[in-house]
Each structure stands twice: as C-alpha cells, then as structure tokens.
Amino acid sequence: MAAIQVIDLSFQYPDSGEMIFSHVSFTLDTDWKLGFIGRNGKGKTTFLRILMGMEGATGRVVSPCAFDLFPFPVPDEGRPAREVARAHAGPYAELEARMEAALADPDGAQAYAEALGEYLELDGYTLDARLLAETGKLGLDPAVRVGDEAELNQLSQAALEAAFEEGYREGGAAFRALADRYTTSRSDAALREMVLQLDRQLQSQPDPEAFLRRALALYDEPDPLSGAWARELMEQVRMEAAQAGLAFQRGLRLAGLPGIPPVYGEWMGELCALAAALEAAADPRDAQAVLGAKLPPLPNKRKYPCPDEYARERLVDCQKEGKKALEEARKLLPAGGEDVSQLREVVAALAGLWRRYRSLYEQAKAAQDLLDFNDLEHRALELLALPEVREAYHNRFDLIFVDEYQDSNRVQEALVTAIRRDGLFMVGDVKQSIYRFRLADPTLFLEKYAAYQPEPGAEARRIDLNRNFRSRREVLAAVNGLFSRLMTPRVGDVAYGEAQALVPGLDLPQPGE
C-alpha cells in the first residue's frame, strides 16, 4: 500500500484559455480500484501524462512509485525479440558502455566501480540468462522476431489454402455441408473469409479454444431457439430492427410535411410498427413470424399524387434503407423449417477447419522463428500463468494505469489482471469506442461502469468528469441534441441522458465579440 499525493495541481494547454486542472489536491492509493471516466477533452489522458512528467503542470505529484508507460516505443521493429526485451528491461546497454569507457580510461577506476555497482544492483550479469529461461519456457528460439505484415499474410494464406485442400480431400459429409452452404460453384472466398474472421475473433480471447468450445456447446441445448444461442442471435436481430425503425421513423416525419397525402403517413406508420414488433420479438420464432408478414406496398403514385416529388423520393429512400436492415435481420435467422440443432454439424465443421488452419499457420511461423501480434499477447499470458513470473510482476507494479479502457479486449483485460497486485486506475469513455473492427469489447468498460460507485470511500470507485475543454458551447449543444436522439444502450452502448451530456468547460467569447 502506497499513497500518490497530488498537491495544488494546475495545468492548461498553451492554446486554451481554460484550466484543465486548477489547484487540485487529492491522494490516490495504490491498493484502490479506480475508474476515471469522462468524455472527450476532459483531461483523462492529460492526467496520466502529468504523472509521467510529460506535461509541464504546476504543483507537485509526490509518489514513492516509478511510472512506466506501455507500450514502449520500439525504433527498429525488425530486431529479435530478445534484443528488444533487453533494451526495455533497464539501462543495461548504457551501463555497459560506461564500464567499457571507464576501462579504457587510466583514471576511470571510480567511474567503473560506480557503473558496475548499478549494473550489479540491476542483476545485469544474469539478464541474458533470465531472458533465455523465459523464452525457453515458451519453447521459443531466442532469435525469434515479430514478422512483418507481408510475410505473415503470405504464411497465413498458404496455411488457409492447405487447410481447404485437406478439407475438400478428407473433410467428409460435415465439411461438404459447410462448403455447400457458404460457397458457390465458382468461389469459396466467402468461406475463407469466414475462417479468417473467426480467427480474428478468437484471438481477442484469452483462451481461444475454450471460447470456441463454449460457443459450440450452445448448439447442444435442448431447445436452441430459446437458449443462450437464441438470446445472442436476438441481440443482433434487434440491432437491425432498431436501424430499420430509425429509417422508418425518419420517413414518418417526412410524411407529416404539409401537402403530403395522409396515405404516406399511414404507410410509414405500418412500417414503423413492423420494425417495433421485430425489436420486441421474444425469440427467433417470433422474429420469423414478424418477418414473414408482407411489407405494406408503396402508395400508388397516380392514385395518390405527391406535390413534392423530392419528398416522395426521400420517403422511398427511407423505405429502402429500413427494408435493407430487415433483410439483414432475416439473414441472421434460421431458414423456415430448419432444425437449429442440425446446424451444429456445420458449425463444428467450421471449427475443425479453423483448428486445422491455425495449426498449419503456427507450424509455418515456428519454422521461420516468427511471431505475430496475437502471439505476443497470448505468449505473455502463458508466461504470467507461471507463479514465479506472475509474482515478479506483482512485486514490480504498485498501481496499474490503463488509458482508453473502452478500447480494450478480453485478452488485454486478462494481461492487466495477471500483472496487477491490487491497485487499478482506468480512464475512458464508452462513447469514444472506435475499435470494434479490431475486436475491442466495450462491454468491459460498461461492466466496470455499472459496478463501480461514485461515492468517496467505495471499494471500487468511479469518478465522472463532466466538462469539455475542446469545443464551443454551440458545438456541444449540437452534439448533445444529435446524440440524445440516436444513442441508446442497444445503438451506441449507452442511453445519452443528462449524465452523459457534454458540458462546456471553456468560457470563450461569442462570435463577433
């Protein structure tokens, strides 16, 4: 347990007229679990940079702890991993250079002794042995390096090609059913991309194989259409239904313009009701019933002439946009009369195809002493599963700070959990989560946001930052107005209410003043 004291801290950026921090004093305990939550421009990352000494704030930060900022910069990413690890483990290269220079100096005995003392204190003579031991625990050659994108992609494509050739040759009925379902007579590109997409998803999990087994088990439930599989499926269906509803509601507002025949409003109203019914569907069977209904037809142009042709075209655009979302929802659902339990064989064949691809890809990387980025994360987790390694990191770090926490995934969460002893300090804002395409999982943030409490003294505390220092109040008002209409827990991960609204922190002169 150690205290980090922030005393009379003040800071502002040179081009800003407002203070980010103004004479702030507080204490952080390294045993705390603390969430630092605020919207864009609130000073979350700035505070971490101040702790690192990277910003020129006034006041004092008194800490018995040293701070490290991860990830470390690596100037030459082509160097072997052992050299990179050696460079960042401590100032060993600098001390070795000092000792060598001192030995060459007839009067360098004192300088040599000082450098040697520091080197011994850092266990410099055992560093290489320790690095070899750690790479040995993972079965890695010390010369292993991170491959560049081109060579890793080449190995991946070769492994995928070999896995498919083996599947076509020896895959049996299950593989043929999988291929029949997701390939055409001309190409299996869609199925190949499905395997790679599955791989990307699995690599964001701490234990890809365990995650895959749990997913397959969902198909073994007595009634998959009412179990966990269906609940996950319905979340995606409701997302599409919400998108359709937004398009239809926009059309309904357009249909209310002066001069538009009432029949267009009735038409859009029926479409809105259909989207709402789909969003309220309890399970896939209900959703199939809703989507089985015929969409109300566009009112006849001759029978119901619209004086504003542009408005009518926009109504048709809204209908097409909503219809497209409904079609996406339909694709997610099992085909009519299909037994979901029979899908397990197809899904199991996909899992088997992925396993074969992954095995071949791992063999190809090992043959060339290469790692990819996912390997760095998973191999680190393997090392941290060893009690002696985990204990060493527990003793090294008093408090872990995590910036942009909303863009973390499950494997990164596992790494943080493995190295932290007690204290954890996170900053983030779920509305700024922009890396879902790279498998970020904002639900990690939402889980913490719901569990942490704002009251001082709470075991797991949340601090909400509610002022924005980057934008004029007119800009913030426009953003608040837009987000309050668009963002919901299902679309945007959060209900955009008063607590989430952007509050001006800058008192800037109005235009013309």
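See the structure above.
Residues numbered from 1 in each chain as written. Predicted model: local features only at pLDDT ≥ 70, side-chain atom pairs only at ≥ 80, totals over all residues. Heavy atoms only, no water.

**Concerning unusual backbone geometry**
The cut-off we apply is this: Elements are defined by DSSP. Helices are runs of H or I of four residues or more, strands are runs of E of two residues or more, and each kind is numbered from the N terminus. Exposure is judged per residue with a 1.4 Å probe applied to protein chains only, and the accessible area is read against the type maximum: over 50% gives exposed, under 20% gives buried, and values in between give partly exposed.
Positive phi, normally seen in glycine, also occurs at Asp8, with a value near 50 degrees. When you line up the elements, Asp8 lands in strand E1 (residues 3-11). A relative accessible area of 36% places Asp8 in the partly exposed class. Here His23, not a glycine, exhibits a phi torsion of approximately 50 degrees, which is positive. Note that His23 resides in strand E2 (residues 21-29).

**Overview of the environment of Ala66**
With respect to the element layout, Ala66 can be found in the loop between strand E4 (58-62) and helix H2 (81-89). Separated by 14 residues in sequence, Ala66 and Met52 have C-alpha atoms that sit 8.7 Å apart.

**Some points on the packing of helix H11 (residues 262-279) against helix H13 (residues 309-332)**
Basically, it comes down to this: Orientation is described by axes fitted as lines to C-alpha atoms, over the contacting stretch for helices, and by angles from 0 to 180 degrees between their N-to-C directions. Each angle receives one of four descriptions, namely roughly parallel if under 35 degrees, roughly antiparallel if over 145, roughly perpendicular if within 65 to 115, and oblique otherwise. Handedness of a helix crossing follows the sense of rotation of the near helix relative to the far helix, less than a right angle counterclockwise being left-handed and clockwise being right-handed. Residues are treated as being in contact if the distance between any of their heavy atoms lies within 4.5 Å. Residues are sorted three ways: Asp, Glu, Lys and Arg are charged, Ala, Val, Leu, Ile, Met, Phe, Trp, Tyr, Cys and Pro are nonpolar, and all the rest, Gly among them, are polar.
Across the interface, H11 lies against H13 with an axial gap of 12 Å and an inter-helix angle of 20 degrees. It follows that H11 is roughly parallel to H13 by the angle criterion. Once H11 is placed against H13, the crossing between them reads as left-handed. Here H11 contributes Tyr264, Trp267, Met268, Leu271, Leu274 and Leu278 to the contact with H13, which in turn contributes Arg312, Leu315, Cys318, Gln319, Leu326 and Ala329. Classifying every residue of the contact of H11 with H13 gives ten nonpolar, one polar and one charged.

**Description of the side chain of Asp407**
Secondary-structure assignment places Asp407 in the loop between strand E7 (399-402) and helix H17 (410-419). In this view, Asp407 contacts Gln412, Gln432, Ser433, Ile434, Tyr435 and Ala440; residues no more than four positions away in its chain are not counted.

**A look at the packing of aromatic side chains**
Inclusion rule: Whether two aromatic rings pair depends on their centres lying within 6.5 Å, for rings of Phe, Tyr and Trp, where Trp uses its six-membered ring; planes under 30 degrees apart make the pair stacked, over 60 edge-to-face, and the rest tilted.
Under the counting rule described, the total for this entry stands at seven aromatic pairs. Ring geometry for Tyr168 and Phe175: centres 5.2 Å apart, planes at 90 degrees, overall edge-to-face. In this structure Tyr168 comes out as partly exposed when scored by relative accessible area, which is 45%. Ring plane angle 20 degrees and centroid distance 6.2 Å describe the contact between Phe445 and Tyr449, whose orientation is recorded as stacked.

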